[in-house]
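# Architecture and fold: a report
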Amino acid sequence: MGGCAGSRRRLSDSEGEETVPEPRLPLLDHQGAHWKNAVGFCPRVLVSGICAAGSFVLVAFSHSVGTGLCGVVLASISSGLGEVTFLSLTAFYPRAVISWWSSGTGGAGLLGALSYLGLTQAGLSPQQTLLSMLGIPALLLASYFLLLTSPEAQDPGGEEEAESSARQPLIRTEAPESKPGSSSSLSLRERWTVFKGLLWYIVPLVVVYFAEYFINQGLFELLFFRNTSLSHAQQYRWYQMLYQAGVFASRSSLRCCHIRFTWALALLQSLNLAFLLADVWFGFLPSIYFVFLIILYEGLLGGAAYVNTFHNIALETSDEHREFAMATTCISDTLGISLSGLLALPLHDFLCQLS
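Residues numbered from 1 in each chain as written. Predicted model: local features only at pLDDT ≥ 70, side-chain atom pairs only at ≥ 80, totals over all residues. Heavy atoms only, no water.

## Comments concerning the overall build of the protein
Each helix and strand in the protein was counted, giving 13 helices and zero strands. Put simply, the protein runs from its N terminus to its C terminus through helices and strands in the order α-α-α-α-α-α-α-α-α-α-α-α-α. Buried positions account for 38% of the 355 residues belonging to the protein. Expressed as a percentage of contacts within the protein between residues at least 6 apart in sequence, the contacts between residues at least 24 apart total 82%. Put simply, the protein shows about 19500 Å² of open surface, and 67% of that area lies on carbon and sulfur atoms. (Helix = DSSP H or I, 4+ residues; strand = E, 2+ residues; numbered from the N terminus. Buried < 20%, exposed > 50% of the residue type's maximum accessible area, 1.4 Å probe, protein only. Contact = heavy atoms within 4.5 Å. Areas by Shrake-Rupley, 256 points an atom, 1.4 Å probe, with all protein chains shown as cover.)

Given below as structure tokens:
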């Protein structure tokens, strides 16, 4: 940059001309790109909302395992598509929205668990409870089309700028940072380089999600205590509610606590898995309240890993790489959950046979 500036000054001194500003994209091109991005996100959001509504209806009226599983698949499509869409969109807004996004997703899990727990204990059937949730997809569509403002070119800095300048960038580059734009302009080589830098955060997040969903899918049902007034089904619902409460609390804690080394969270969650697996095998915990505390702690670790991973990536990636980096890191939770399901379900069946 210095050499370039020097050559411009020499040209100005020798020819007596002012430096010509760099050409800007025509206004029509900018507007065209804006509408392409808007339309591209609008099919995505519509599909996510429709799949969410379809999942409620299918599960509510299912009379077979196959139909119920189809509803679960639709819910997974809605969740995964919504996550990658909105996390990619955060690249066009100030970095503070990542904290609010994480808090919102944590709150959604807690609200869902509390709603199901409360409505079923109040006397509603599972079918009635699920059908009462059909307003949630409508709120999703309304929040995107009516509440969210159009992203404009802006400085994503703010109070985090000093922290960002002190961080080690994931990708070393001598070029000046550009404003956030479409990740489709990145070459395959650039994408591979960014992906290698992201592995420092992707791998621990995969481990965290693997461990916690191994617990949720494989061990929750087996952590059953007979010395309590809660039924087996009620114990399971309380486990889910406490897990979601921990996730919500830690996903909302970014302004209070920043965690740079997410590998520590992966290690702690793995120890959590080992401890609960040992209890399922040997049954040494005397009371369900010990399990309540451990599951709350499990949620705290999972939520902290999620929000700090994406916060660190937002700070340590350049503007031109941020959209691709956010979308790519979304594979972490999906991969961790899928791997845990492949191993937890057979182990669950094996432990059930032993008991």
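Let's pick the thread back up.
## Comments concerning the UniProt feature "transmembrane region" (unreviewed entry) in the protein
In the numbering adopted here, UniProt assigns the feature "transmembrane region" (unreviewed entry) to residues 45-78, 98-117, 129-147, 198-215, 261-282 and 288-307. This span, residues 261-282, is 91% helix and 0% strand, and a straight line between its end C-alpha atoms measures 33 Å. (UniProt positions renumbered as here; feature names shortened; annotations may be inferred.)

## So, the nonpolar core
Of all hydrophobic cores here, the largest spans 27 residues; its most connected members are Leu-219, Tyr-239, Val-291 and Ile-295. Per element, the largest residue contribution to this core is six residues, and it comes from helix α9 (residues 232-251). Every residue in contact with Tyr-239, bar those within four places of it in the chain, is listed here: Phe-220, Leu-223, Phe-225, Ile-288, Val-291, Phe-292 and Ile-295. (Core = buried A, V, L, I, M, F, W, Y, C linked by side-chain atoms within 4.5 Å.)

## Here we look at the environment of Ala-327
Looking at where Ala-327 falls in the secondary structure, it is placed in helix α12 (residues 319-329). The spacing of Ala-327 and Glu-83 is 244 residues in sequence and 8.5 Å in space, taken between C-alpha atoms. The contact partners of Ala-327, leaving out residues within four places of it in the chain, are Val-84 and Ser-88.

## Digging into the pattern of salt bridges
What the rule picks out here adds up to two salt bridges. Arg-260 is the salt-bridge partner of Glu-316, the closest N and O atoms lying 2.4 Å from each other. With Glu-316 in helix α11 (residues 288-316) and Arg-260 in the loop between α9 and α10 (263-282), the pair connects residues that are 56 residues apart, well separated along the chain. Relative accessible area serves as the criterion here: at 5%, Glu-316 is assigned to the buried category. Judged by its relative accessible area of 26%, Arg-260 falls in the partly exposed class. (Salt bridge = Lys/Arg side-chain N within 4 Å of Asp/Glu carboxyl O.)

## A short note on the side chain of Glu-212
Mapped onto the elements of the fold, Glu-212 is located in helix α8 (residues 188-219). Here the side chain of Glu-212 touches Tyr-243 through a polar contact of 2.3 Å, side chain to side chain. Each residue touching Glu-212, except ones within four places of it in the same chain, is listed here: Tyr-243, Gln-269, Glu-298 and Gly-302. (Polar contact = N/O pair within 3.5 Å; in protein donor to acceptor, adjacent residues only side chain to side chain.)

## A look at the environment of Leu-131
Along the chain, Leu-131 falls in helix α5 (residues 126-131). What makes Leu-131 partly exposed here is its relative accessible area of 29%. Measuring from C-alpha to C-alpha, the distance between Leu-131 and Ala-60 comes to 6.7 Å, with 71 residues separating the pair along the chain.

## Description of the environment of Val-280
Tracing the sequence through the fold places Val-280 in helix α10. With 60 residues separating them in the primary sequence, Val-280 and Phe-220 have C-alpha atoms 9.4 Å apart. With residues up to four places along the chain from it excluded, the contact list for Val-280 reads Leu-219, Leu-222, Leu-223 and Leu-351.

## Observations regarding the packing of aromatic side chains
One pass over the full model with this rule turns up 14 aromatic pairs. Consider the rings of Phe-220 and Tyr-236, whose centres lie 6.2 Å apart with planes at 85°: the pair is edge-to-face. Of the two residues, Phe-220 sits in the loop between α8 and α9 while Tyr-236 sits in helix α9, which places them 16 residues apart along the sequence. An aromatic cluster is defined as three or more aromatic residues linked by ring pairs; in this entry it consists of Phe-220, Tyr-236, Tyr-239, Tyr-289 and Phe-292. The side chain of Arg-251 reaches across the aromatic face of Tyr-306, ending 3.7 Å from its centre. It is Arg-260 that lies over the ring of Phe-261; its NZ or CZ is 5.9 Å from the centre. (Phe/Tyr/Trp six-rings, centres within 6.5 Å; stacked < 30°, edge-to-face > 60°. Lys NZ or Arg CZ within 6 Å of the ring centre and 35° of its normal.)

## A word on the packing of α11 against α12
Contact geometry for α11 and α12: axes closest at 10 Å, N-to-C directions at 160°. Relative to α12, the element α11 lies roughly antiparallel. α11 and α12 meet at a crossing whose hand is right-handed. Across the interface between the two elements, Thr-309, Phe-310, Ile-313 and Ala-314 from α11 touch Arg-322, Ala-325, Met-326 and Thr-329 from α12. The residue inventory of the contact of α11 with α12, partitioned by class, reads five nonpolar, two polar and one charged. (Axes fitted to C-alpha atoms, helices over the stretch in contact; angles between N-to-C directions. Parallel < 35°, antiparallel > 145°, perpendicular 65-115°, else oblique. Left-handed = near helix turned anticlockwise from the far one by under 90°. Nonpolar A, V, L, I, M, F, W, Y, C, P; charged D, E, K, R; others polar.)

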